[in-house]
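Take a look at the letters that make up each chain.
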Amino acid sequence: MTGERAPPFDRHGPERPASPVVLSVPHAGRDYPLALRAALRVPAIDLMPLEDRHADTLALAARGIETMFSASRPRAWIDLNRAEHERDPRIDEGAEPVPDAAQSLKLRSGLGLIPRRAGGADLWRRRFAAEEVRARIEQDHRPYHAALANALAAARARFGVAVLIDVHSMPPLPAVPRDW
């Protein structure tokens, strides 16, 4: 064993892209590490609203020759659709304090780089040490984005253009009153 970690995602398609289209499924992860489960304040089932459940299965079935990346780590561990700086000081000891007015709507609602809330409930028993979050960024977030950037650059070099399709599922909307 070399001590290398498996990438935090699955890649489908050749190294040299066969299409200018690259698919990304950043919220497909269902590999819930023990460290995540141990830190939960809520039952693990309460994390399901954060998942784009089976969007990876659908994207893979629809995929032709496109390169596709599918996250294996869950969004509750680290949200690959957030920027590295979208760290929530309410749960992340290494986050820079940001006034509420300067925070993105996602961060204010508890959906930062490490989601703080799901389904209206606080998720964690404790705040995360700066090193814990930094490790998630280095081991999961950066490798995913580097692989995605490399695939897009390779597609652009080969075809003169690259198209990223970010695949998500959306939760059902609440019922709208008939007189609305």
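Anything mentioned here points back to the structure above.
Residues numbered from 1 in each chain as written. Predicted model: local features only at pLDDT ≥ 70, side-chain atom pairs only at ≥ 80, totals over all residues. Heavy atoms only, no water.

Draft legend 1. A look at helix H4 (residues 130-159). Here H4 is 30 residues long and its end C-alpha atoms lie 41 Å apart, about the 44 Å a rise of 1.5 Å per residue gives. Approximately 35 degrees is the largest bend angle found in H4, and it occurs at Ile137. Residues of H4 that are buried include every one of Ala130, Val133, Arg136, Ile137, Asp140, His141, Tyr144, Ala147, Leu148, Ala151, Leu152 and Ala155, and no others. On its buried side, H4 packs onto strand E1 (9-12), strand E2 (21-25), strand E3 (67-71) and strand E6 (163-166). (Helix = DSSP H or I, 4+ residues; strand = E, 2+ residues; numbered from the N terminus. Expected span 1.5 Å × (residues − 1). Bend = angle between axes of the 7 residues up to and from the residue. Buried < 20%, exposed > 50% of the residue type's maximum accessible area, 1.4 Å probe, protein only. Contact = heavy atoms within 4.5 Å.)

Draft legend 2. Examining helix H2 (residues 55-62) more closely. Three or more residues of H2 are buried, namely Ala55, Asp56 and Ala59. All buried residues of H2 fall inside an arc of 95 degrees around its axis, so they share one side. Opposite the buried face of H2, at more than 90 degrees from it, the exposed residues are Leu58 and Ala61. For H2, the elements touching its buried residues are E2 and E3. (Arc of directions from axis to C-beta.)

Draft legend 3. View of the sheet that holds E1. With respect to topology, 4 strands assemble into an open sheet ordered E1-E3-E2-E6, the strand pairing being mixed. Across the chains shown, the open sheet's two edge strands, defined by having one partner strand only, are E1 and E6. Across this sheet, the average inter-strand angle for adjacent strands is 15 degrees, counted without regard to direction. As judged from the 4 bridges shared by E2 and E6, these two strands associate in the parallel manner. Paired with Ser24 across the bridge in E6 is Asp166. (Pairing = 2+ DSSP bridges. Axes fitted to C-alpha atoms, helices over the stretch in contact; angles between N-to-C directions.)

Draft legend 4. Structural view of unusual backbone geometry. A positive phi angle, near 65 degrees, is found at His54, a position not held by glycine. Tracing the backbone shows His54 in the loop between helix H1 (34-39) and H2. Among the residues examined, His54 registers a relative accessible area of 40% and is labelled partly exposed.

Draft legend 5. Geometry of the nonpolar core. If you look at the biggest cluster of nonpolar residues, it comprises 30 residues, and the most contacted ones within it are Leu36, Leu47, Phe69 and Trp124. Of all the secondary structure elements, the ones that give two or more residues to this core are H1, E3 and H4. The element contributing the most residues to this core is H4, with 7 residues. Beyond its immediate sequence surroundings of up to four residues, Leu36 is in contact with Leu47, Pro74, Ala76, Trp77 and Trp124. Leu23, Val25, Ala55 and Val167 belong to the second largest nonpolar core, which has 8 residues in total. (Core = buried A, V, L, I, M, F, W, Y, C linked by side-chain atoms within 4.5 Å.)

Draft legend 6. Examining the pairing of E2 more closely. Along E2, 5 of the 5 residues are buried, which leaves the element largely enclosed by surrounding structure. Across 4 bridges, E2 lies against E3 in parallel orientation. Among the inter-strand pairings, Ser24 is bridged to a residue of E3, identified as Phe69.

Draft legend 7. Looking closely at the side chain of Glu51. Along the chain, the position of Glu51 falls in the loop between H1 and H2. The class for Glu51 is buried, based on a relative accessible area of 8%. Here the side chain of Glu51 touches Tyr32 through a polar contact of 2.4 Å, side chain to side chain. Polar side-chain contacts of Glu51 include one of 2.4 Å to the side chain of Arg53. Sequence-distant contacts of Glu51, defined by excluding residues within four places in its chain, comprise His27, Gly29, Arg30, Tyr32 and Ser169. (Polar contact = N/O pair within 3.5 Å; in protein donor to acceptor, adjacent residues only side chain to side chain.)

Draft legend 8. View of the environment of Ser104. Locating Ser104 in the fold gives a position in the loop between E3 and helix H3 (105-108). Counting along the chain gives 19 residues from Ser104 to His85, while the straight-line C-alpha distance between them is 11 Å.

Read these as geometric descriptors, not functional statements.
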